[in-house]
Amino acid sequence: MKFVFNYDKYNCRIPIIPVRFIRSDNESTPIFHAVLDSGADTLTIPKDLAEWLGVKLQPKATPTVTASGSAKAYTGIAPLFILGQGGREVKYQDVEICAMENCPYILVGVSPVFEDYLITINARERKFTLEPIK
Amino acid sequence: MVEKKIVDKYKDKWLLRNKKNKILYASDSVVDVVEEGRKYPLNEVFIEKKLIPGTCFF
């Protein structure tokens, strides 16, 4: 499924994508406006959200380097991650996440989304396209 | 000239907004905002932080 997201309405230059998470007991978060971030290795979320999702977290051996310095980080597996909204959704089951205590935003990183989709960002028109990589 | 400081009370907070972009709830805790947001139908609200120009992540 090809997606086109227009993020002009968010009054921001950073590409925003709607996502949500579902716990193993089938309870869903509301929709998050996440940042599509090729600088993030993986799906990155706040540690307390990971705990709410019931993710078993393992501390990373080394601190994660961020733009504002290094931060303690954890890894785990989220039961269900949903990209998109309103019927145009892609579900990822058992997706690897990185959790950080002072995570500034939900970051949709290289794994799994950039590995599965060819992503074209048209920053001038504030829209981006996700095309499945065959 | 006196420089006027604008204090944004929502800076760095997790925000719950409705479709009209109205802020319904704000907190430092993302879990508090998730729980508040779960009181509304799924596609009626969303959670975000304010992204001001110059924001940089990784």
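Anyway, here's the lowdown on the structure attached to this text. (Residues numbered from 1 in each chain as written. Chains lettered and ligands numbered in written order. Predicted model: local features only at pLDDT ≥ 70, side-chain atom pairs only at ≥ 80, totals over all residues.)

## Regarding the overall build of chain B
When helices and strands are tallied, chain B shows one helix and three strands. What you see in chain B, going N to C, is helices and strands ordered as β-β-α-β. Buried positions account for 19% of the 58 residues belonging to chain B. Of all intrachain contacts in chain B linking residues separated by at least 6 positions in sequence, the fraction that spans at least 24 positions is 40%. (Helix = DSSP H or I, 4+ residues; strand = E, 2+ residues; numbered from the N terminus. Buried ≥ 20, exposed ≤ 12 C-beta atoms within 10 Å, placed from the backbone. Contact = placed C-beta atoms within 7 Å.)

## Topic: the interface of chain A and chain B
Frequently, the measure chosen for interface size is the accessible area that the parts lose on association. Taken together, the contacts link 25 residues of chain A with 19 residues of chain B. Counting only elements with at least two residues in the side of chain A that touches chain B, the list comes to β3 (31-36) and α1 (47-52) of chain A. In terms of residue count, the dominant contributor to the side of chain A that touches chain B is β3(A) (four residues). Considering only residue class, the side of chain A that touches chain B consists of 15 nonpolar, seven polar and three charged. Where β3(A) lies against strand β3 (residues 45-48) of chain B, two bridges are found, and the strand directions are parallel. Bridge assignment links Ile31(A) to a residue of β3(B), and that residue is Phe46(B). (Nonpolar A, V, L, I, M, F, W, Y, C, P; charged D, E, K, R; others polar. Pairing = 2+ DSSP bridges.)

## Remarks on the nonpolar core
Residues and elements named next belong to chain A. Counting residues in each nonpolar core, the largest one holds 42 residues, and the members touching the most others are Val19, Ala34, Val35, Ile45, Ile97, Ile106 and Val108. Here this core takes five residues from β3, the largest share from any one element. Setting aside residues up to four positions removed in sequence, isoleucine 97 forms contacts with Thr42, Leu43, Ile45, Ala50, Val55, Gly76 and Ala78. (Core = buried A, V, L, I, M, F, W, Y, C linked by C-beta atoms within 7 Å.)

## Some details on helix α1 (residues 30-37) of chain B
Taken residue by residue, α1(B) has Val30(B), Val33(B), Val34(B) and Gly37(B) as its buried positions. Buried residues in α1(B), looked at end-on, bunch into an arc of 105 degrees, giving them a common side. Looking at the buried side of α1(B), the elements it contacts are β4 (43-46) and α1 of chain A together with β1 (14-18), β2 (23-27) and β3 of chain B. (Arc of directions from axis to C-beta.)

## Here's the deal with the sheet that holds strand β1 (residues 3-6) of chain A
Working definition: the strands of a sheet are paired by backbone hydrogen bonds and lie parallel or antiparallel to each other. Residue and element names in this part refer to chain A. Taken in spatial order, the three strands line up as β1-β12-β11 in an open sheet, and their pairing is antiparallel. Every other strand in the sheet has two partners, leaving β1 and β11 (117-122) as the edge strands with one partner each. With direction set aside, neighbouring strand axes in the sheet form an average angle of 15 degrees. Bridging between β1 and strand β12 (residues 127-132) involves four bridges; their strand directions are antiparallel. Bridge pairing in β12 places asparagine 6 opposite lysine 127. (Axes fitted to C-alpha atoms, helices over the stretch in contact; angles between N-to-C directions.)

Just distances and angles here, no functional claims.
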